Amino acid sequence: MKDRITGSEALMRSLVNEGVDTVFGYPGGSIMPVFDAMYDYRDVFRSVLVRHEQGAVHAAQGYARSSGKVGLCIVTSGPGATNTLTGISDAMLDSTPVVVIAGQVASAVLGTDAFQEIDFVGITQPITKWSYQIRRAEDVAWAVARAFYIAGTGRPGPVVLDFTKDAQTALVDFETAKVDSVRSYIPYPTPSRSAIEEAAALINEAKRPFVLVGQGVELGEAHEELKAFIEKGDIPAARTLMGLSALPSDHPLCVGMLGMHGNYGPNYNTNECDLLIAVGMRFSDRVTGNVKTYAKQAKVIHIDIDHAEINKNVRVDVPIVGDCKEVLPMLTELIDTALHKEWIESFRKLNAIEDEKVTEKALNPGEGALLMGEVARKVSEATGNSAILVTDVGQNQMMSARYFKYTKPHSILTSGGLGTMGYGLPAAIGAKIAMPERDVCLFVGDGGLQMNIQEFGTIMEQGAAVKIILLNNNYLGNVRQWQELFFNHRYSWTPMLNPDYGLIAKGYNIASRLVTERAELDDAIREMLETPGAFLLHVAVKEEANVMPMTPPGATVSEMIFE
């Protein structure tokens, strides 16, 4: 006999059916029946009450990116729903699997501008993989199953369910639903055998092949397949910002980070290679620089699960549409065992120039104010280079990403495509909840921390042992850097008058320590990591320091500046 239950109870049972164990959210009028139903599931779901709905989506992103599961947040209608838009957009651009369930006014008053009514489906259709309004309790099980399937398969991304209040309270004869296919949606395209053979032939002919590693390797869990491929072909590999932990930092074929603030060797040699092999990356403008001068001398192979990325930014010679976990072994089987010793050494020589001009000064300044790079490297080493790095956006992001070391997969969470200040703190909470056994180290600037500082309350309530490293230079540092370099030092709206962060942390029962001198840093990091709960390490860093090297806007990737 079927159970006759409310739409809200049907939602709970559907979430259980999808294996949900954590819900990030914020209640309100139009979603109240759902939160009432959730009261009886307190032993099933970990309920995380955030302090702002933007924080709910970012926390769900952190949970998803660190665990590989689909993240979930539930909010109310109107402002509750619209407050999630930044997080949904961020998840779309960074291919993060999250499901956002929002309350909605009753079906009878849709379109009347009822209290807290907004066309949430209309707003979110351009920034989601799927957006759907549930108007009948009978549709709950199917919609939830479809939402989780779409969010978590193929190229992951956000899905929105807009849940009318009458559908939440109506009765339904409940049956579980399973969705494992959607008409016209092909999450895992079958790779073309002829394209793979053509790509293998190019690889075997190449004298200077070069692999660009993107987040797709992480999303596809293709870490071992990537290693087998580059090791057989002896091909140097560089990683995008989003793909930094897809290949360990100490792998002998890892030659650094790509992009505007990446390493000199891989950026310069992009315009020296004769074959570019892009794996699960989208040729972002922050990687290509001036696309008109990008790798024009090279043949290009592009492996991506999303056909929309092929030829979008860079014209390719051999497109391979498919899951890199499937494609890479097929390529590995066909390529020759090779040696490219001189070519690989050229990366080392170029990176040595960067080491001399930038890295040594960033890590071992000797005197003067503390620098972001030395703080990041010391924290990384103190964790055995095994922590999850979460960054906010700005100089703190670039410096920590550059100088952290990565030994495990899924070890960097950052806002890449949207560049969302305020992402870091809630994302770190989500990551720590998902992976309690790992150290989670958040690097954040004084600007970004204040964007979502209210989530200190979530840390306090959840007991989330996030280690927060505040790199405080009293500026909106990245904007200030551009104002220095390209706007004649006109620091318009970038100096910041900051509060007493230690007092704020104390108000939320978060331990903290202020570091102003280099001699204090090692002991402070040790104290932070040994403290059982959350910790705010507030480090006063040099105010007018820049992230170098840098590819100036509009320049080619090989034209990096060092000062």
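Here the structure is a predicted model, which means the values were calculated and not measured. Every chain is numbered on its own, with residues counted from 1 as its sequence reads. Residue-level local features of this predicted model are given only where pLDDT is at least 70; pairs of side-chain atoms are given and counted only at 80 or more, and the full residue set underlies all totals for whole chains, interfaces and linings. The side-chain numbers reported here are obtained from all heavy atoms of the structure, hydrogens and water having been left aside.

(A) Examining the sheet that holds strand S14 (residues 318-321) more closely. With respect to topology, six strands assemble into an open sheet ordered S11-S10-S9-S12-S13-S14, the strand pairing being parallel. Unpaired on one side and paired on the other, strand S11 (254-257) and S14 mark the two borders of the sheet. Within this sheet the neighbouring strands show an average axis-to-axis angle of 15°, counted without direction. Here a strand pair is declared whenever DSSP counts at least two bridges between the two strands. Working definition: helices are DSSP H or I runs of at least four residues, strands are E runs of at least two. Numbering for both runs from the N terminus. Pairing between strand S10 (residues 237-239) and S11: two bridges, direction parallel. Orientation is described by axes fitted as lines to C-alpha atoms, over the contacting stretch for helices, and by angles from 0 to 180 degrees between their N-to-C directions.

(B) Spatial organisation of the nonpolar core. In this structure, Phe-24, Val-390, Phe-456, Ile-459 and Ile-468 are the most contacted members of the largest nonpolar core, which totals 47 residues. Counting residues per element, this core draws most heavily on helix H18 (residues 424-434), which supplies seven residues. Taken together, domain 1 (3-174) and domain 3 (364-540) each give at least three residues to this core, which thus spans both. Note on definitions: a residue-residue contact is assigned when non-hydrogen atoms from the two residues lie within 4.5 Å. Excluding residues that lie within four positions of it along the chain, Ile-468 makes contacts with Leu-425, Leu-442, Val-444, Phe-456, Ile-459, Phe-535, Leu-536 and Leu-537. By nonpolar core we mean a set of buried residues, namely Ala, Val, Leu, Ile, Met, Phe, Trp, Tyr and Cys, connected to one another through side-chain atoms within 4.5 Å. Each residue gets one of three labels from its accessible area relative to the maximum for its type: buried under 20%, exposed over 50%, partly exposed in between, using a 1.4 Å probe on protein chains only. Here the limits of each domain have been adopted from an automatic or database domain assignment.

(C) Up close: the packing of helix H1 (residues 7-17) against helix H7 (residues 140-152). Viewed as axis vectors pointing N to C, H1 and H7 meet at an angle of 35°, and their least axial separation amounts to 9 Å. For the pair H1 and H7, the sense of crossing is right-handed. From H1, Gly-7, Ala-10, Leu-11, Ser-14 and Leu-15 reach across to H7, where they touch Val-140, Ala-141, Val-144 and Phe-148. In terms of residue class, the contact of H1 with H7 is built from seven nonpolar, two polar and no charged. Crossing handedness follows the turn of the near helix against the far one: under a right angle anticlockwise gives a left-handed crossing, and clockwise gives a right-handed one. Three categories are distinguished: nonpolar for Ala, Val, Leu, Ile, Met, Phe, Trp, Tyr, Cys and Pro, charged for Asp, Glu, Lys and Arg, and polar for the others, with Gly belonging to the last.

(D) Layout of the domain arrangement of the protein. With domains assigned, the protein is organised as domain 1 (3-174), domain 2 (193-347) and domain 3 (364-540). Relative to domain 2, the C-alpha centre of domain 1 lies at a distance of 37 Å. On the domain 2 side, the residues contacting the seven residues of domain 1 number seven residues. Approximately 620 Å² of surface area, both sides summed, lies buried where domain 1 meets domain 2, with 54% of it carried by carbon and sulfur atoms. For the domain 1 face of the interface with domain 2, the top three residues by lost area are Arg-65, Asp-94 and Arg-155, together amounting to 64%. The term salt bridge refers to a pairing of a side-chain nitrogen on Lys or Arg with a carboxyl oxygen on Asp or Glu at a separation within 4 Å. The tally of links between domain 1 and domain 2 comes to two salt bridges. Among the ionic pairs, Asp-306 bridges to Arg-155, the shortest N-O distance being 2.9 Å. Contacts described as polar in this section are N or O atom pairs within 3.5 Å, which, within protein, must combine one atom able to donate a hydrogen with one able to accept it, while residues neighboring in sequence count only if both atoms come from side chains. Between the two partners, domain 1 and domain 2, sit four residue pairs in polar contact (both at pLDDT 80 or more). Put simply, buried area is the surface a 1.4 Å probe can reach on two separate parts but cannot reach once they are joined, added for both.

(E) Structural view of the environment of Arg-526. Assignment of secondary structure puts Arg-526 in helix H23 (residues 518-530). Between the C-alpha atoms of Arg-526 and Gly-68, which are 458 residues apart in sequence, the distance is 30 Å.

(F) The arrangement of the sheet that holds strand S3 (residues 46-49) in detail. Read across the open sheet, the six strands follow the order S3-S2-S4-S5-S7-S6; overall the sheet is parallel. Every interior strand has two partners, whereas the edge strands, S3 and strand S6 (130-134), have only one. On average, each strand axis in the sheet is tilted by 20° relative to the strand beside it, whichever way the strands run. Pairing of strand S5 (residues 98-104) with strand S7 (residues 158-164) involves seven bridges; the strand directions are parallel. In the strand pairing of S7, Gln-104 is matched with Thr-164. Sitting on the sheet, helix H3 (residues 53-67) touches strand S2 (22-25), strand S4 (71-75) and S5, and the angle it makes with S4 is about 165°.

(G) Seen up close, the packing of helix H9 (residues 193-205) against helix H14 (residues 324-334). Packing of H9 against H14 leaves a shortest axis separation of 9 Å and a crossing angle of 50°. When the axes of H9 and H14 are compared, the pair comes out oblique. Here H9 runs over H14; the crossing is right-handed. Across from Arg-193, Ile-196, Glu-197, Ala-199, Ala-200, Ile-203 and Asn-204 in H9, the residues of H14 making contact are Val-327, Met-330, Leu-331 and Leu-334. Here the word oblique covers every angle except those under 35 degrees (roughly parallel), over 145 (roughly antiparallel) and from 65 to 115 (roughly perpendicular).

(H) Representation of the pattern of salt bridges within the structure. A full pass over the atoms with the stated rule returns 18 salt bridges. Among the ionic pairs, Lys-312 bridges to Glu-309, the shortest N-O distance being 3.0 Å. Of the residues examined, Lys-312 reaches a relative accessible area of 44% and is grouped as partly exposed. In this structure, Arg-526 and Asp-523 form a salt bridge, with 3.0 Å as the shortest nitrogen-oxygen distance. Here Arg-526 pairs with Asp-523, and both are found in helix H23, just three residues apart, close to one helical turn. Note on Arg-526: relative accessible area 42%, which makes it partly exposed. Given the relative accessible area of 35%, Asp-523 is considered partly exposed. Through salt bridges with shared partners, one network takes in Arg-155, Asp-306, Glu-309 and Lys-312.

(I) Spatial organisation of unusual backbone geometry. Of note, the bond from Met-548 into Pro-549 is cis; its omega dihedral lies within 30 degrees of zero at 0°. Secondary-structure assignment places Pro-549 in the segment after strand S20 (535-540). Here His-410, not a glycine, exhibits a phi torsion of approximately 55°, which is positive. Topologically, His-410 is positioned in the loop between helix H17 (395-403) and strand S16 (412-413). A positive phi is found at Asn-509, a non-glycine position, where the angle reads about 60°. Mapped onto the elements, Asn-509 comes out in the loop between helix H22 (501-507) and strand S19 (511-515). Looking at Asn-509, the relative accessible area reads 64%, which means it is exposed.

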